Amino acid sequence: MSEFDYETPYMDNTVVGYYGIDRVIVKQEDGALFYCDIPSNLIMLGESMSPSDLTSISELPPDEQEEIRRQFADCEV
């Protein structure tokens, strides 16, 4: 059975902004921030993304993590 089966709670993965040209920023309902390297012209604000496409911002250098948190932590989901 898939990791994302009907028993797994769904977290809304909403696009809340863009960081640079090719990085989409996604926020979950619990406030966790993720990113996906994809051209910003391919996805719109407010769209949902599959969890399998996302990487935690904790994988980025500390200065980028801080800037992304500063810009997007207060965005509504």
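Refer to the structure above for everything that follows.
Residues numbered from 1 in each chain as written. Predicted model: local features only at pLDDT ≥ 70, side-chain atom pairs only at ≥ 80, totals over all residues. Heavy atoms only, no water.

> In this structure, what is going on with the environment of R69? I would like to understand it.
Tracing the backbone shows R69 in helix α1 (residues 62-72). Considering only alpha carbons, one finds R69 and I57, 12 residues apart in sequence, at a separation of 8.9 Å. Setting aside chain neighbours within four positions, we find R69 in contact with L33 and I57. (Helix = DSSP H or I, 4+ residues; strand = E, 2+ residues; numbered from the N terminus. Contact = heavy atoms within 4.5 Å.)

> I tried to follow the side chain of Q65 on my own but got confused; where do I start?
Checked against the element boundaries, Q65 lands in helix α1. When its relative accessible area of 13% is taken as the criterion, Q65 is described as buried. Separated by 2.6 Å, the side chain of Q65 and the backbone oxygen of L60 make a polar contact. Non-local contacts of Q65, meaning those with residues more than four positions away in its chain, are made with I57, S58 and L60. (Buried < 20%, exposed > 50% of the residue type's maximum accessible area, 1.4 Å probe, protein only. Polar contact = N/O pair within 3.5 Å; in protein donor to acceptor, adjacent residues only side chain to side chain.)

> Would you mind going over α1 with me for this structure?
One full turn of an α-helix is made of 3.6 residues, so residues set three or four places apart face in the same direction. Looking only at α1, the buried set comprises Q65, I68 and F72. Along α1, the residues classed as buried sweep out an arc of 70 degrees about the axis, all on the same side. Summarising the geometry of α1, the exposed residues directed more than 90 degrees from the buried face are P62, D63, E66 and R70. Check the buried side of α1 and you find it contacts β1 (13-18), β2 (23-28) and β3 (33-37). (Arc of directions from axis to C-beta.)

> How should the pairing of β2 be read in this particular structure?
In terms of burial, β2 is largely enclosed, as six of its six residues are buried. Side chains R23, I25 and K27 project from β2 onto one buried face, and the interleaved V24, V26 and Q28 project onto a second face that is buried too. As defined by bridge partners, β1 adjoins β2 across five bridges and the pair is classed as antiparallel. Residue V15 lies in a different strand from β2, and its bridge partner there is V26. Taking the residues that link successive antiparallel strands as the turn, the β1-β2 hairpin has four residues, and the phi of G20 there is positive, at about 75 degrees. Both β2 and β3 contribute to a ladder of five bridges, which runs antiparallel. What sits directly across from V26, in β3, is F34. (Pairing = 2+ DSSP bridges.)

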